[in-house]
Amino acid sequence: MPNQDIRDGTSFALAPAGYKTISVVLKNHEGREIDIIELVSSYKITESIYQTYNTLELYIRDVVNFLEEFEISGQETITITFEKEDVVIGLVRRTKTFYVTEYPEYGKNSAARQQMYLFRGVSEHAFLSQFKKISRSVNGEIKNIIRDILVNDLNIAPERIEMTPEPSPKIRAIIPNMFPIKAIHWLLRRCYDTHLACRVDGHCSPAHR
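These notes cover the structure that comes with them. Because the structure is a prediction, the values reported are computed rather than measured.

**Re the packing of helix α3 (residues 142-153) against helix α4 (residues 180-188)**
For step 1, the next point in the chain: Running from amino to carboxyl end, α3 crosses α4 at an angle of 175°, the nearest separation of the two axes being 10 Å. When the axis of α3 is compared with that of α4, the two are roughly antiparallel. Listed contacts from α4 to I142, I145, I146, I149, L150 and D153 of α3 are P180, A183, I184, L187 and L188.
For step 2, the next point in the chain: Looking at the contact of α3 with α4 residue by residue, the classes come out as 10 nonpolar, no polar and one charged.

Structure follows, in structure tokens:
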């Protein structure tokens, strides 16, 4: 699989967004893991200030009927590890785990004897959010309420969350039977501070005016 804006034979990034992919580990419903980096033709991780999670689109070129042998059933996770050499802080390594949500595209080339798949996935906390709703009263700073939802309802480790030292607006309200991610967005719409409410693994959840 080609690297992303990396100088050949090194981990040095030619562009700020350049990373060298180290591994792409697929885990199935039985807990079996395998590195499929050699099958991956391309992938895209999307991050936006308008959502609180990342999304993944990953294309797999299968020439050995691997996906059937590995019993792909829709309960998989994909963990991508990538790194780059930063001129200031040195080697930077990142690991992102995604829960597969759909396989919207599939194609087969009989002449080339290969199959192509598109996997789509979301961050773990976005996947878990769809299986739980919260309905409770909240009171305090919005950034602290959001942090509590991330930790207690979406199982995000506290050390992964960066909090702004700046104060955020205080609120007293009732979260009306919402998915946790929807509840976070609902809270942010009631926030007028111009600073970030919180940051999870480098991903921003902006506060609104």
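Let us keep going from here.
**Quick notes on the pattern of salt bridges**
For step 1, the next point in the chain: Evaluation of the coordinates by the stated rule reveals five salt bridges.
For step 2, the next point in the chain: The residue E83 makes a salt bridge to R93 at a minimum N-O spacing of 2.7 Å. In this pair, E83 is assigned in strand β5 (residues 77-86) and R93 in strand β6 (residues 90-109), connecting sequence segments 10 residues apart.
For step 3, the next point in the chain: Notably, a salt bridge pairs D153 with K132, separated by 3.0 Å at the nearest N-O pair. Here the residue D153 occupies a position in helix α3, and K132 occupies one in the loop between α2 (124-129) and β8 (134-141), the gap between them amounting to 21 residues.
For step 4, the next point in the chain: Exposure remark for D153: the relative accessible area of 8% places this residue in the buried category.
For step 5, the next point in the chain: Owing to a relative accessible area of 32%, K132 belongs among the partly exposed residues under this scheme.
For step 6, the next point in the chain: What emerges from the salt-bridge pattern is a single network uniting E57, E102 and R120.

**Concerning α4**
Quick reminder: α-helices carry 3.6 residues per turn. Residues three or four places apart thus point the same way.
For step 1, the next point in the chain: The buried fraction of α4 amounts to seven of the nine residues, a majority that puts the element mostly inside the structure.
For step 2, the next point in the chain: Within α4 the residues assigned to the buried category are P180, I181, A183, I184, W186, L187 and L188.

**What to know about a nonpolar patch on the surface**
For step 1, the next point in the chain: A cluster of nonpolar side chains, V87, V88 and I89, forms an exposed patch at the surface whose accessible area comes to about 370 Å².
For step 2, the next point in the chain: Counting through the fold element by element, I89 comes out in the loop between β5 and β6.
For step 3, the next point in the chain: Note on I89: relative accessible area 64%, which makes it exposed.

**With respect to the packing of aromatic side chains**
For step 1, the next point in the chain: A full pass over the atoms with the stated rule returns two aromatic pairs.
For step 2, the next point in the chain: Relative to F127, the ring of Y99 has its centre 4.5 Å away and its plane inclined at 20°; by these criteria the two rings are stacked. Placement of Y99 in strand β6 and of F127 in helix α2 is noted, with a sequence separation of 28 residues between them.
For step 3, the next point in the chain: Given a relative accessible area of 18%, F127 falls into the buried group.
For step 4, the next point in the chain: On the basis of an interplanar angle of 70° and a centroid distance of 5.2 Å, the ring pair of F127 and F131 is categorised as edge-to-face.
For step 5, the next point in the chain: The rings of Y99, F127 and F131 are connected pair by pair, giving a single aromatic cluster.

Rules used in this analysis
- Residues numbered from 1 in each chain as written.
- Predicted model: local features only at pLDDT ≥ 70, side-chain atom pairs only at ≥ 80, totals over all residues.
- Heavy atoms only, no water.
- Axes fitted to C-alpha atoms, helices over the stretch in contact; angles between N-to-C directions.
- Helix = DSSP H or I, 4+ residues; strand = E, 2+ residues; numbered from the N terminus.
- Parallel < 35°, antiparallel > 145°, perpendicular 65-115°, else oblique.
- Contact = heavy atoms within 4.5 Å.
- Nonpolar A, V, L, I, M, F, W, Y, C, P; charged D, E, K, R; others polar.
- Salt bridge = Lys/Arg side-chain N within 4 Å of Asp/Glu carboxyl O.
- Buried < 20%, exposed > 50% of the residue type's maximum accessible area, 1.4 Å probe, protein only.
- Patch = residues over 30% accessible without salt bridge, like charges linked within 9 Å, V, L, I, M, F, W, Y side chains within 5 Å.
- Areas by Shrake-Rupley, 256 points an atom, 1.4 Å probe, with all protein chains shown as cover.
- Phe/Tyr/Trp six-rings, centres within 6.5 Å; stacked < 30°, edge-to-face > 60°.

Read these as layout, nothing more, since geometry by itself doesn't imply function.
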